[in-house]
Amino acid sequence: MDDNQDQFITPEPLADASGPTGPAGPRGATGPAAYIGYASSTDPLILPPGTPARWATVSSVAAISLTVTQAVKIDASFLLSWVSGDSGAAELNLEYRILRNGTVIYTGANVYGLAENSRAAHQEFINFFHVDTAPSGSYTYTMQARINGYNNLQATIEILESELSAVVYPNQMPSQHYLFVSCWNDTENLNGHVAVIDTVSNRITRTLFAGSKPGPMAISPDLTTLYVGDQNPVTATDEGYNFMWVWDLVQFRQIGSVQIGATPVAIVVSPDNKKVYTANSGSRNITVIDNLTRRVIATVPVGTGTPFALTASPDGSYIFAACKSDTAGSDYIAAIRLANEQVTVFGKSYGLEFDPSCNPIAVSSNSRTFVAAGKEKALLASLNSGSIGPFFSVPYSSLGGQWRSGTFIDRDIQQFHQMYWTEPAPSEEISIWNVSADNSPARWQTPVSYPGYKGQNQVVASPDQLRICITVAASDDQFAGLHIIEPENNNASHFVRLPVAREVAITANSAIAYVSEHRYVHPVNLQTFTEMQAISVDGLVQTILAAYRLQS
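Every residue gets a number counted from 1 within its own chain, in the order that chain's sequence is written. Where local features are concerned, this predicted model is filtered to residues with pLDDT of at least 70; where side-chain atom pairs are given and counted, the filter is 80 or more; whole-chain, interface and lining totals use all residues. Based on all heavy atoms of the structure, the side-chain values leave hydrogens and waters out of the count.

## Brief notes about unusual backbone geometry
- Positioned with a positive phi, Asn101 is a non-glycine residue whose angle comes to about 50 degrees.
- Within the fold, Asn101 resides in the loop between strand E6 (90-100) and strand E7 (103-114).
- Under the scheme applied here, a residue whose accessible area is under 20% of the maximum for its type counts as buried, over 50% as exposed, and between as partly exposed, the area being computed with a 1.4 Å probe on protein chains only. Residue class for Asn101 comes out partly exposed when judged on its relative accessible area of 44%.
- For Glu341, which is not a glycine, the phi torsion comes out positive at approximately 65 degrees.
- Put simply, DSSP marks the helices as runs of H or I at least four residues long and the strands as runs of E at least two long, and each gets a number from the N terminus on. With respect to the helices and strands, the residue Glu341 is situated in the loop between strand E24 (332-337) and strand E25 (343-346).

Set out below in structure tokens:
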């Protein structure tokens, strides 16, 4: 166990330090409905207690047909009932999710703490929505729930009634069809911009103002809001802060600016769309923003190191920040609980050394397995009921190579997850690691190495999980390009040669991957595995983004 695992850091509450406030809340699709699928029930459904328990299916709607010009809005709700015990405070940790044809597309969690201790009856109404922009096809949407922790409750925890609807609309959410590129101007004293590229015509349709040095970006889970961090060095150095610019992607209008820490380098929106987190390398802290009011609610210190990457757990329990220490071999992770912004620091005693050019953290889609890739070893941890650990440090001598960055996909959520990890030069392999869904360390199977390419860098899974895309840097004996793997086709491999390959972003419909160059972005068709005409963005490319991501 890490000697720093129990180190807690209290966030600093802020007085109002934000810019103008924006409109309330996320929005779904709009326009006349093309089809409505609906299911409801008033038959009680008992949820077995557990830590966690098995998932229980609450409701489902089938035969929902979509085309490329449509989106579906899923509205879900249920009434939860339970009875507290005889003595002591009661606690209930509830998880819920939406699946599309068996694949998880939305997760949520609620924690209830109750002072009543006299067999008191309680009811909570839970409602949520998700806008899905799946490829063309016919889909079944399923709502599931489970108990992931409890204390001092009576045996019966049940859902008394539930509703699930799927409404198909003409897709009027522009962000599904756009790539966003943050760019710096060649002239030092001129503002940069965010180029908006239509992914159908592959042309720039507009540019957005986002300060003088726009850098990291994030899109909200419902694809309606864009967040851009300004890295203006003058403001960061002289004033100790920067701004984050907020854009409404339905009407393409600026709806706010928020004062954050100095030199933002990563931005993540929580899976429930309630909060935004920015990692600020200049001020060595994390800014937490309420997504409803667009106001800063806390500034979270993360220790003496510099945060450079963020990863959100899919269940919305934690934001993990990878931190670079001033002392070699003592890099670490700061885990921020979304419920209260409390920070747990761990990893310092394991001799980790991160490569700050990549995000070294990945979390499985069931939010039970955490992995961080250092230069000499990997750190693994179990995530259970709001706790982190036990920890396992694995030297790369037993893994067959070094790892840089990784991503999880679901092969069968009841059996295992599969994790793809890139390896730095001179390796010409990519590691594929099967991780058991029950998170038993004994079942973390030895990674299997597949042929790859020297100079691997960023690895990203397409939203439909049918493609793994890896950027490959050029060297004396290796062309630059995009390595594409098909997990559902026996890991079939494709290589698309490009002039330069830095970052990769994949559209929300999983049709096109965009690879950044210095002044261009290069689209790659993920159906035919062919390159398309490069697009000039009139500036120096910093970051590219086309869909909601848990990593930054």
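Now that the structure has been shown, the text picks up again.
## Structural notes on the sheet that holds strand E18 (residues 264-269)
- What makes two strands pair is DSSP finding at least two bridges between them. The strand order E18-E19-E20-E21 describes an open sheet built from four strands, whose pairing is antiparallel. Each edge of the open sheet carries a strand with a single partner, namely E18 and strand E21 (295-301). The average angle at which neighbouring strand axes cross in this sheet is 20 degrees, direction not considered. Geometry is summarised by axes, namely lines fitted to C-alpha atoms with helices restricted to the contacting stretch, and by angles between N-to-C directions that run from 0 to 180 degrees.

## Thoughts on the nonpolar core
- Residues enter a nonpolar core if they are buried and are Ala, Val, Leu, Ile, Met, Phe, Trp, Tyr or Cys, with the set joined through side-chain atoms within 4.5 Å. Ranked by internal contacts, the top residues of the largest apolar core, which has 34 residues, are Phe78, Leu80, Leu94, Ile98, Phe128 and Tyr141.
- Counting only elements with at least two residues in this core, the list comes to strand E4 (56-66), strand E5 (70-83), E6, E7, strand E8 (121-132), strand E9 (137-151) and strand E10 (157-170).
- Among the elements that line this core, the one with the most residues is E5, at six residues.

## Concerning the pattern of salt bridges
- Within this document, salt bridges are pairs made up of a side-chain nitrogen of Lys or Arg and a carboxyl oxygen of Asp or Glu, the two lying within 4 Å of each other. Tallied over the entire structure, the rule returns six salt bridges.
- When the shortest N-O distance is used, the salt bridge between Arg284 and Asp326 registers 3.1 Å. Within this pair, whereas Arg284 is found in the loop between strand E19 (275-280) and strand E20 (285-290), its partner Asp326 is found in the loop between strand E23 (318-324) and E24, the two being separated by 42 residues in sequence.
- Exposure remark for Arg284: the relative accessible area of 28% places this residue in the partly exposed category.
- Among the residues examined, Asp326 registers a relative accessible area of 62% and is labelled exposed.
- With a closest N to O distance of 3.0 Å, Asp331 and Lys324 form a salt bridge.
- By relative accessible area, Asp331 is classed as buried at 1%.
- Residue classification places Lys324 among the partly exposed residues on the basis of a relative accessible area of 23%.

## Digging into the environment of Asn491
- With respect to the element layout, Asn491 can be found in the loop between strand E36 (481-486) and strand E37 (492-497).
- Sequence separation of Asn491 and Arg467 is 24 residues, and the distance between their C-alpha atoms is 9.2 Å.

## Digging into the pairing of strand E17 (residues 253-260)
- Here strand E16 (residues 242-248) pairs with E17 via seven bridges, running antiparallel. Its bridge partner lying in E17, Trp245 is registered against Ser257.
- Linking E16 to E17, which pair antiparallel, is a turn of four residues; within it Phe252 sits at a positive phi near 50 degrees.

## Comments concerning the pairing of E21
- Pairing of E20 with E21 involves six bridges; the strand directions are antiparallel. Note that in E21 the partner of Asp290 across the bridge is Arg295.

## Some words on the packing of aromatic side chains
- Note on aromatic contacts: the rings of Phe and Tyr and the six-membered ring of Trp form a pair at centre separations within 6.5 Å, being stacked when their planes are under 30 degrees apart, edge-to-face when over 60 apart, and tilted otherwise. Applying the stated criterion across every chain yields a total of 10 aromatic pairs.
- Note on Phe320 and Phe370: the rings are 4.8 Å apart at their centroids and 45 degrees apart in plane angle, and the pair reads as tilted. Within this pair, whereas Phe320 is found in strand E23, its partner Phe370 is found in strand E27 (residues 369-373), the two being separated by 50 residues in sequence.
- Through pairs of rings, three or more aromatic residues link up here, namely Phe209, Tyr241, Phe243 and Trp245.
- In this scheme, the term charge over a ring applies when either NZ of a lysine or CZ of an arginine sits within 6 Å of the ring centre and within 35 degrees of the ring normal. The positively charged end of Arg97 is found above the aromatic ring belonging to Trp55, 3.9 Å away from the centroid.
- Cation over ring: Arg100 sits above Tyr139, and NZ or CZ is 5.5 Å from the ring centre.

## Quick notes on the confidence of the model for the chain
- You can read pLDDT as the predictor saying how much it trusts each residue, on a scale of 0 to 100. Chain-level pLDDT for the chain is 78 on average; 78% of the residues reach the 70-or-more range.
- Note that pLDDT drops below 50 for residues 411-419; the model gives that stretch 39 contacts with residues more than four away or on any other chain. It only takes one pair of heavy atoms within 4.5 Å for two residues to be counted as in contact.

## A word on the sheet that holds strand E34 (residues 456-461)
- One open sheet holds the four strands; their spatial order is E34-E35-E36-E37, and the pairing between them is antiparallel. If you trace the sheet from one side to the other, it starts and ends with E34 and E37, each paired once. Mean inter-strand twist for the sheet, computed between neighbouring axes without regard to direction, equals 20 degrees.

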